[in-house]
Structure formats: structure tokens, C-alpha cells
Amino acid sequence: MSGHTALASPSTAAKRKEARTVILSSYLGSTIEFYDFLLYATAAAVAFPKVFFAGTDEWVGVVAAYATFAAGYVARPLGGIIFGHFGDRIGRKGMLIISMAMMGIASTLIGLIPGSSVIGPWGAVLLVVLRVCQGIAVGGEWGGAALMALEHSDRKRRGFAASFVNAGAPTGAVLGTVVMGIFSALPQDAFLAWGWRVPFLLSFVLLIVGMFVRLRVSESPIFAEAVAKESARGTKRRIPLLEVLKRPKALIMIMFAGAAGFGLQVVLPTFSVTYAVSKGAPQQGVLYAFAGASAISILFVLLGGRLSDRFGRRPVMVTGLALFILYLVPMFGMLSSGNIALIFLAFTVALVLHSSLYGPLAAFVSEQFGTTNRYTGAAVGYQLATLIGAGFTPGIVAGLYKDSGQSIVPVVIFLSVMSLVSIVFILLTRESKNNDLSTVS
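Residues numbered from 1 in each chain as written. Predicted model: local features only at pLDDT ≥ 70, side-chain atom pairs only at ≥ 80, totals over all residues. Heavy atoms only, no water.

K.L.:
How should I be thinking about the overall build of the protein in this particular structure?
P.N.:
Counting secondary structure elements, the protein contains 19 helices and zero strands. When the backbone C-alpha atoms are referred to their principal axes, the protein occupies close to 75 × 45 × 45 Å. When burial is assessed residue by residue, the protein has 59% of its 441 residues classed as buried. Within the protein, contacts between residues at least 6 apart in sequence are counted, and of these 86% link residues at least 24 apart. (Helix = DSSP H or I, 4+ residues; strand = E, 2+ residues; numbered from the N terminus. Buried < 20%, exposed > 50% of the residue type's maximum accessible area, 1.4 Å probe, protein only. Contact = heavy atoms within 4.5 Å.)

K.L.:
So what exactly am I meant to see when it comes to the packing of aromatic side chains here?
P.N.:
Here the distance between the centres and the angle between the planes together describe a pair of aromatic rings. Within this structure, the stated rule accounts for 19 aromatic pairs. Measuring from centroid to centroid gives 5.3 Å for Phe-48 and Trp-196, while their planes differ by 90°, and the two rings are edge-to-face. Note that Phe-48 is positioned in helix H2 (residues 48–51) and Trp-196 in the loop between helix H8 (188–195) and helix H9 (197–201), a separation of 148 residues in sequence. Relative accessible area serves as the criterion here: at 0%, Phe-48 is assigned to the buried category. Looking at Trp-196, the relative accessible area reads 0%, which means it is buried. Consider the rings of Phe-262 and Tyr-358, whose centres lie 6.3 Å apart with planes at 90°: the pair is edge-to-face. (Phe/Tyr/Trp six-rings, centres within 6.5 Å; stacked < 30°, edge-to-face > 60°.)

K.L.:
I keep staring at empty space enclosed by the protein and nothing clicks. Help me out?
P.N.:
Over the atoms rolls a probe the size of a water molecule, and its path tells where empty space is left. Applying the stated criterion to the full structure yields four cavities of 30 Å³ or more. Along the wall of the largest cavity there are 16 residues; nearest its centre are Pro-170, Ala-173, Gln-265, Phe-290 and Leu-351. Of all elements in the fold, only helix H1 (2–46), helix H7 (158–184), helix H13 (249–278), helix H14 (283–311) and helix H16 (340–366) reach the threshold of two or more residues within the lining of the largest cavity. (1 Å grid on protein atoms, 1.4 Å probe; cavity = no way out; pocket = protein on both sides within 12 Å on 5 of 7 lines; lining within 4 Å. Points joined across faces, edges and corners; volume = space filled by probe spheres on them.)

K.L.:
I'm lost on the layout of surface pockets in this one. Help?
P.N.:
Within this model, the largest pocket holds a volume of roughly 620 Å³. What lines the largest pocket is a set of 20 residues, among which Lys-15, Ala-19, His-152, Ser-153 and Asp-154 lie closest to the centre. Elements represented by at least two residues in the lining of the largest pocket include exactly H1, H7 and helix H11 (221–233).

K.L.:
Honestly, a nonpolar patch on the surface in this entry has me stumped. Any pointers?
P.N.:
The grouping of Ile-296, Leu-299, Phe-300, Leu-303, Leu-307, Phe-311 and Phe-344 at the surface amounts to a nonpolar patch, some 610 Å² of accessible area in total. Among the elements that line the nonpolar patch, the one with the most residues is H14, at six residues. Tracing the chain through its elements places Leu-299 in helix H14. Judged by relative accessible area, which is 61%, Leu-299 ranks as exposed. (Patch = residues over 30% accessible without salt bridge, like charges linked within 9 Å, V, L, I, M, F, W, Y side chains within 5 Å. Areas by Shrake-Rupley, 256 points an atom, 1.4 Å probe, with all protein chains shown as cover. Salt bridge = Lys/Arg side-chain N within 4 Å of Asp/Glu carboxyl O.)

K.L.:
Would you mind going over the pattern of salt bridges with me for this structure?
P.N.:
Side chains that carry opposite charge are capable of pairing whenever their charged atoms lie near each other. With the rule as written, the count across this model stands at ten salt bridges. Taking the shortest distance from any N to any O, the salt bridge between Glu-151 and Arg-92 comes out at 2.9 Å. With Glu-151 in helix H6 (residues 122–151) and Arg-92 in helix H4 (residues 92–110), the pair connects residues that are 59 residues apart, well separated along the chain. For Arg-92, a relative accessible area of 0% corresponds to the buried category. The shortest N-O distance in the salt bridge between Arg-314 and Glu-431 comes to 3.9 Å. Placement of Arg-314 in helix H15 (residues 313–335) and of Glu-431 in the segment after helix H19 (409–428) is noted, with a sequence separation of 117 residues between them.

K.L.:
What am I meant to see in the side chain of Ser-99 here?
P.N.:
Within the element layout of this structure, Ser-99 appears in helix H4. Judged by its relative accessible area of 0%, Ser-99 falls in the buried class. One polar contact links the side chain of Ser-99 to the main-chain carbonyl oxygen of Leu-96, over a distance of 3.0 Å. Those residues in contact with Ser-99 that sit more than four places away from it in its chain are Glu-33, Phe-83, Ala-137, Gly-140 and Glu-141. (Polar contact = N/O pair within 3.5 Å; in protein donor to acceptor, adjacent residues only side chain to side chain.)

K.L.:
Is there a simple way to think about the environment of Arg-197 in this case?
P.N.:
Inspection of the secondary structure assignment puts Arg-197 in helix H9. With relative accessibility at 14%, the residue Arg-197 sits in the buried group. Those residues within four positions of Arg-197 in sequence are excluded, and the remaining contacts are Ile-110, Gly-111, Leu-112, Ile-113, Pro-114 and Gly-115.

Written as C-alpha cells, this is what we have:
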């Protein structure tokens with residue numbers, strides 16, 4: 001008996017070590033991907049209106065810049081379909097490497113696009129094309145990273161493990177905002193001429209780092225086992241997307257359950273930054289306030305995932321959303337104060353509340369599907385949620401604010417209704433923390 005135990009222990013220890021390596025790689029990879037993707041959000045708030053839409057009214061330029069921002073979210077479900085299909089057919093790891101390369105190259109090229117003063121409207125066209133490439137890449141990245149963390153982990157710690165992938169988003173936001181904040185300290189002419197471009201060009205350096213990390217991880221053991229079982233039975237491989245669409249309820253529930261989380265998330269680095277600056281706060285100070293708040297929120301994203309392992313995904317997510325609704329009015333009050341300390345507090349509380357939803361979300365989404373269609377189902381469902389929740393929200397709230405004579409009331413109402421809809425769909429979706437991930441379909 002002791003001999004058997006001695007043999008079993010190293011195997012268990014090896015599995016735990018491998019799980020930690022995979023979780024770390026998913027976190028770092030997600031950080032790099034979201035640095036690129038969310039850097040665009042900051043640039044859309046502070047640079048793109050003047051670089052690519054010069055000569056327009058200030059808020060018209062902001063709305064136009066946010067429209068190009070939305071193109072990335074429109075493309076994310078397509079990325080989920082493409083990468084999900086091959087991730088469910090041939091494996092998770094290879095798709096993660098391709099998605100990272102695509103993101104890094106697209107982001108680097110964004111930093112090289114000439115402004116409207118040089119090539120006129122073609123600058124905005126190129127911006128949209130590369131933003132679509134970013135969207136496709138991140139649409140494939142998230143699903144693979146979440147599944148690798150989830151499928152390597154112990155059942156009782158899945159929410160915590162998967163939350164590291166979502167923790168990559170605020171980490172990437174911190175990096176992107178700090179770097180953009182550093183260059184925004186330049187004189188305005190220099191910042192608009194070349195300063196905003198440097199953070200995008202740095203994406204190529206991050207791409208090299210990310211590739212090194214991604215190449216060192218192993219394939220998902222649950223996926224490999226499922227493929228081996230199908231092969232042994234002689235089962236014909238099915239098209240993952242068709243299998244998911246045969247039972248569309250899970251997609252619909254996920255799409256609306258997650259929408260508000262993405263809407264609230266994207267309003268903070270876009271409209272909220274622009275709003276605070278328009279009320280007299282210094283641009284660099286606002287960017288640093290958001291970066292500091294994002295850094296704090298990283299721990300709370302992980303805490304949200306850990307709490308969901310204990311209490312369930314749904315209770316933690318609903319609590320976070322309900323509290324955020326109550327917080328919207330005081331949040332915008334602090335953002336309009338012009339006081340950087342209050343703006344920092346506004347962002348911090350907002351992101352801590354948001355973390356209660358965002359931390360459990362990766363596990364909540366992924367656990368709704370079987371192994372051989374999980375990449376497709378999770379990626380497409382998650383990206384559809386980002387599309388309806390985040391893709392158009394910055395433009396909508398900016399438009400509501402402008403058309404109402406710069407009143408914040410319509411913005412609060414819109415975000416509150418969106419949050420209430422998500423609460424309803426979360427409650428209608430089954431609790432998933434005890435689901436068996438080894439189920440093939």
C-alpha cells in the first residue's frame with residue numbers, strides 16, 4: 001500500500017505543477033492579448049478623435065472613434081467560431097499560438113497608420129481593418145486560454161483557475177494605460193504626432209515574450225482523453241459549431257448573462273475617461289487613476305473566482321451587478337469632480353464591484369458545454385456577450401450624453417437596464433460549478 005502511495009504522489013505533484021504552469025501561461029498570454037486589445041480603447045479616448053477624425057466637433061470625433069472601436073467586438077464572435085472549430089478538432093494549444101501572433105502583428109501595424117492629415121479617410125479605413133484582425137485574434141484567444149486553465153485544474157478550484165485568464169484583462173489594461181499615460185505627458189502636438197504610436201509598436205516585443213510562454217505548455221488532458229475515446233470507438237468527429245447550434249439555449253443565456261459585465265467594463269476606460277477629462281481633470285492623472293484602480297482589481301478578480309468555487313457562480317455574479325447599479329450615480333459624481341483622488345476612488349470601487357462578476361465568468365461560460373465542442377461554445381457565447389454588451393456601448397453612451405445636452409442621467413439609465421437584463425439571465429442559467437467537464441458533449 002505504501003509503495004502504491006509513493007508512486008501515486010509524484011504523479012499528483014506533477015499534475016499540480018503542470019496546472020500551475022498552464023494557469024500562469026494563460027494569465028500571461030491573456031495579459032498580452034488584452035494589453036493590445038484594450039490599448040485601443042484608451043487610444044480611442046485620447047488620440048484617435050484628433051488623429052483620424054480631425055476637423056470634426058469634439059464629441060462627434062469621439063463617437064466616430066468609438067465606432068472603429070466597435071469593429072473589434074463585431075469581429076470577436078467570428079474569431080470564436082474559427083479558432084473554436086479548430087481548437088475542438090485538433091487541440092487548444094496550437095490555436096493559442098496563432099491567435100497571439102495575429103494580435104501582435106495587427107497591433108504593431110496600428111502604430112504605423114498615417115493620420116487623416118496624410119492619407120485622409122484611408123487612415124480610418126485601415127484602422128477598422130486592423131481592429132477587425134484584433135477582434136478575430138482575441139475572439140480565439142480567450143476561449144483557448146480559459147479552457148486550458150479550466151481543464152488542467154481540480155474540480156474544486158476551477159473558478160479560481162479560470163479567473164486568472166480574466167485577470168489578464170485588468171493587468172493588460174494597467175500596462176496599456178500606464179504606457180499610454182507616460183507618452184500622454186508629451187506636449188499635445190508630439191503626443192498626437194508620434195507619442196500614441198509607441199505603445200502599439202511595443203506590441204511586437206510583447207509578442208516575442210508571449211510566444212516563448214505559449215510554446216512551453218502541454219495540451220489539455222481532458223481534450224486529449226476525449227479525442228482518444230472517440231478514436232477508440234471509431235466515432236466520426238462532428239462539426240463543433242453545428243453541435244452547439246443544435247442546442248442554442250446555452251449560447252443565448254450566456255450572451256445576455258455576460259453582456260452587462262462587458263458593457264460596464266468597457267465604459268470605464270473609454271467614456272468614463274473622456275467624461276472625467278471633459279470636467280476639468282488632467283488627462284494623464286485620469287489615466288493613472290484608472291491604471292491604479294485596475295491594478296487593485298486584479299486581486300479581486302481572482303477573489304471573485306475563488307468565492308464562486310465556494311458559493312456558486314450565480315450568487316457572486318448577481319451580487320456584483322446589483323451593487324454596481326446602486327453605485328452608478330455616485331461613481332459619475334466622483335468622476336465629474338476634477339479631483340484625481342476622488343476619480344481614483346471612483347474607478348477602484350467600480351472595478352472591485354465588477355470583479356465579482358468578471359472573476360467567475362470564465363468558468364461560468366466554459367462549464368456550460370461538453371469537451372468536444374467546449375472551445376467553440378464558450379468562445380462564441382463569450383464573444384457574442386462582448387459584442388452586444390461592449391461593442392456599441394461606448395458609442396451609445398457617448399451619443400446619449402451628447403444628445404441630452406451632456407446630462408449623465410440617460411447614461412445611468414442605459415447601464416442600469418443593461419445590468420438588470422444580465423441579472424435576469426444569470427438567474428435563469430443553471431449553476432455550473434459542479435458540472436463534470438469530462439462529458440464529451
